[in-house]
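Chain residues, written in single-letter form:
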Amino acid sequence: MRIARILLAAAALTATTAPALAGDWQFPPIADKGYTPAFVASVTGGVMNPQHVSSSGAWGLELAMNCGLLQTPTGVIRTKLSVTKFDKSGLDLTTVELNPRWTTPIAKDLTLGVGPGIGWVKADSGSRTTDMFAWQVGADLDYRIGQLNLGLGARWQDTVNKTVSAGREGADNWLVQAKVGVAF
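Residues numbered from 1 in each chain as written. Predicted model: local features only at pLDDT ≥ 70, side-chain atom pairs only at ≥ 80, totals over all residues. Heavy atoms only, no water.

Draft legend 1. Structural detail: the overall build of the chain. The helix and strand inventory of the chain stands at one helix and ten strands. Written out in order from the N terminus, the α and β elements of the chain read α-β-β-β-β-β-β-β-β-β-β. Evaluated residue by residue, the chain yields a buried proportion of 39% over its 184 residues. Counted over contacts in the chain with a minimum sequence separation of 6, partners at least 24 positions apart contribute 57%. When the accessible surface of the chain is summed, it comes to about 9500 Å², and 68% of that surface belongs to carbon and sulfur atoms. (Helix = DSSP H or I, 4+ residues; strand = E, 2+ residues; numbered from the N terminus. Buried < 20%, exposed > 50% of the residue type's maximum accessible area, 1.4 Å probe, protein only. Contact = heavy atoms within 4.5 Å. Areas by Shrake-Rupley, 256 points an atom, 1.4 Å probe, with all protein chains shown as cover.)

Draft legend 2. Focus on the pairing of strand β5 (residues 110-124). With twelve bridges joining them, strand β4 (residues 91-107) and β5 adopt antiparallel strand pairing. Among the inter-strand pairings, tryptophan 102 is bridged to a residue of β5, identified as valine 114. Where β4 hands over to β5, the hairpin turn is made up of two residues, of which aspartate 109 adopts a positive phi near 65°. Judged from the 15 bridges that link them, β5 and strand β6 (residues 129-145) form a sheet pairing that is antiparallel. (Pairing = 2+ DSSP bridges.)

Draft legend 3. Main features of the environment of arginine 168. With respect to the element layout, arginine 168 can be found in strand β9 (residues 168-169). The exposure class assigned to arginine 168 is buried, which follows from its relative accessible area of 19%. A sequence separation of 117 residues divides arginine 168 from glutamine 51, and the C-alpha atoms of the two residues are 8.7 Å apart. When neighbours within four sequence positions are excluded, arginine 168 is seen to be in contact with His52, Val53, Ser89, Leu91, Lys162 and Thr163.

Draft legend 4. A look at the nonpolar core. The biggest cluster of nonpolar side chains holds 13 residues, and the ones touching the most others in it are Met48, Phe86, Leu91, Leu93, Ala123 and Met132. Of all the secondary structure elements, the ones that give two or more residues to this core are β4, β5 and β6. For leucine 93, the contacting residues outside a window of four places in its chain are Met48, Pro50, Thr84, Lys85, Phe86, Val121, Lys122, Ala123 and Ala171. (Core = buried A, V, L, I, M, F, W, Y, C linked by side-chain atoms within 4.5 Å.)

This is the structure in structure tokens:
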């Protein structure tokens, strides 16, 4: 089942980002005179559904910017650095994630971003604290009103299967969240 989810996510990601693969790539765009990072700092809140416990609220912070290492011929790669907290039924999760998103406009002031990511997850079950590497795949919708940024995001995160507590291996999870941010 896990391999099927990975293959499905990879196929969807490849199909969605196919237009970004043709044309001239920029490497590194940060060296270009016209490069701007276009920072957006956001507060996030939503629902996380980890394995082993029922879903509950999650909150966090996100800093998004235009990627300074690589840009595609179409769309923009936005790098999203986020920290998210979850605490329910004796499981406290803290995730730190780096998620590049290939982002393209789909309407005036509305963009869709999709992409993979990597992360670190600290799982605290009360009796044990476990640090795990994670990888994820997700999508974001962002709507800009002047300097105000409103967003929705969803991602699936796969953690390495380390023992979190007796009978609990790993902390794979889904996260769906809303974002309110300021562009500067």
